Amino acid sequence: MPKIGVEQSLLDVQQQLQSMGYDVVQLKQEQDAQGCDCCVITGQDQNVMGVQDAAIKGSVINAHGMTAQEICQQVEQSIGHQQ
């Protein structure tokens, strides 16, 4: 089962992804993203310092302005393209 990292403030997204059977990990620090197939971020503090180092090889989904359902659809599309 794919491992999805979700920022801790996106509780509704975490719960919905878990109900869909995904292994969900809360992203509290950069190391939490390691091993994730996909990460969902709020986008509020995205790349504030201009650093381009990626902590994961999978997709990063910016949840800004999206509903939990839309985010879960994006995750499914992203995971489907990686497999």
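For the structure, see preceding data.
Residues numbered from 1 in each chain as written. Predicted model: local features only at pLDDT ≥ 70, side-chain atom pairs only at ≥ 80, totals over all residues. Heavy atoms only, no water.

Can you explain the pairing of strand 2 (residues 23–27)? Please cite residues and give values.
Both strand 1 (residues 3–7) and strand 2 contribute to a ladder of 5 bridges, which runs parallel. Considered in strand 2, the bridge of V6 is made with Q26. Since strand 1 and strand 2 lie parallel, the crossover through helix 1 (residues 11–19) that links them has a hand, and here it is right-handed. (Pairing = 2+ DSSP bridges. Helix = DSSP H or I, 4+ residues; strand = E, 2+ residues; numbered from the N terminus. Right-handed = clockwise from strand over helix to strand, strands pointing away.)

A description of the sheet that holds strand 1 should follow, citing residues and the corresponding values.
In space, the 4 strands of this open sheet follow the order 2-1-3-4, with parallel pairing throughout. A strand with exactly one partner marks an edge of an open sheet, and here the two such strands are strand 2 and strand 4 (59–62). Geometrically, the sheet is characterised by an average inter-axis angle of 20° between neighbouring strands, direction not taken into account. In this sheet, strand 3 (residues 38–41) lies alongside strand 1 in parallel orientation, the contact comprising 3 bridges. Of the residues in strand 3, the one forming a bridge with G5 is C39. Here helix 1 sits on the sheet in contact with strand 1 and strand 2, set at roughly 165° to strand 1. (Axes fitted to C-alpha atoms, helices over the stretch in contact; angles between N-to-C directions. Contact = heavy atoms within 4.5 Å.)

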